[in-house]
Amino acid sequence: DQDSIFVGTNANLILAGAGAATLKTSRNIALGGGSSITTINGDLILNANSAGTASGNFIGIDIDAASVQVLGSGQLMLEGHGGNDALGSQYGMRLRNSAQVIGGSNVVSVVGNGGDSAGNFNYGVFALSSSQITSLGGNVSVTGSGGGSGNSADNSGVWASNAEIKSGGSGTVTVVGNGGNTLG
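Predicted model, so just to flag it, every value in this text is computed and none were measured. Chains are numbered independently. Their residues run from 1 in the order of the written sequence. Thresholds applied to this predicted model are a pLDDT of at least 70 for local features of residues and 80 or more for the giving and counting of side-chain atom pairs; totals over whole chains, interfaces and linings are not thresholded and use all residues. By convention in this description, side-chain values take in all heavy atoms of the structure and omit both hydrogens and water.

Novice: Just checking my understanding: could you explain the sheet that holds strand β4 (residues 28-31) for this structure?
Specialist: Sheet strands associate in pairs through backbone hydrogen bonding, adopting either a parallel or an antiparallel arrangement. A pair of strands counts as paired when DSSP detects no fewer than two bridges linking them. Helix numbers and strand numbers start at the N terminus; a helix is a DSSP run of H or I with at least 4 residues, a strand a run of E with at least 2. Across the sheet, which stays open at both edges, the 6 strands sit in the order β1-β4-β7-β10-β13-β16 with parallel pairing between neighbours. The outermost strands of the open sheet, each flanked by one partner alone, are β1 (4-7) and β16 (158-161). With strand direction ignored, the average angle separating the axes of adjacent strands in the sheet is 5 degrees. Summarising the sheet, β4 and strand β7 (residues 61-64) pair through 3 bridges and their orientation is parallel. By the bridge assignment for β7, A30 is matched with D62. Geometry is summarised by axes, namely lines fitted to C-alpha atoms with helices restricted to the contacting stretch, and by angles between N-to-C directions that run from 0 to 180 degrees.

Okay, structure coming up:
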């Protein structure tokens, strides 16, 4: 069985104090417009298809006009792996429409792996449309590995278009993109 997590439009999950949250699924996680998942000093972990074994047409973690944030000392960790549908565009993680991933004073780690699709454009991390990955002082690390199989092409590790990857305060930023299959 493959499971999914969907945070509906305008739904907000807020954990105060040291409250922590881990959302883990064998398939995908999607946040609808206006929704948010927030902790203060607790860790926030989203993990979707980390083994890369789920089949079908999906984006590992899809944040659409929504936010995932830690506002205090908790760690923020996101890891997503796209599906294997032959149509392509099986992103490990996609942020769009002003989506926000905001960490606090601790580390922000974003890892995306494009799916093993014979189609094109299986990006590891795809950030667009005024989206942002940032912190309030912690170090920010973004690692993307493109996917693809067979004659698949254009499988970038990290693709940012009209988006920001930055840190606040004295935090550092590390972005690593590993291109995927480029036989096509």
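Novice: Explain the side chain of T38 to me, please; I cannot follow it from the model alone.
Specialist: Along the chain, T38 falls in strand β5 (residues 36-39). Between buried and exposed lies partly exposed: a residue is buried under 20% and exposed over 50% of the maximum accessible area for its type, with that area taken using a 1.4 Å probe on protein chains only. Judged by relative accessible area, T38 falls into the buried class, the value being 5%. In what follows, a contact means two residues having at least one pair of non-hydrogen atoms within 4.5 Å. Excluding its chain neighbours within four sequence positions, the residues that come into contact with T38 are L13, I14, L15, Q69 and L71.

Novice: Can you walk me through the sheet that holds strand β9 (residues 76-81) in this structure?
Specialist: The parallel open sheet is built from 6 strands, whose spatial order is β3-β6-β9-β12-β15-β18. Each end of this open sheet is capped by a strand with a single partner; those strands are β3 (21-25) and β18 (173-178). Averaged over all pairs of adjacent strands, the angle between their axes in this sheet comes to 5 degrees, without regard to strand direction. Of the strand pairs in this sheet, β3 and strand β6 (residues 44-48) are connected by 5 bridges, and their pairing is parallel. Bridge assignment links K24 to a residue of β6, and that residue is N47.

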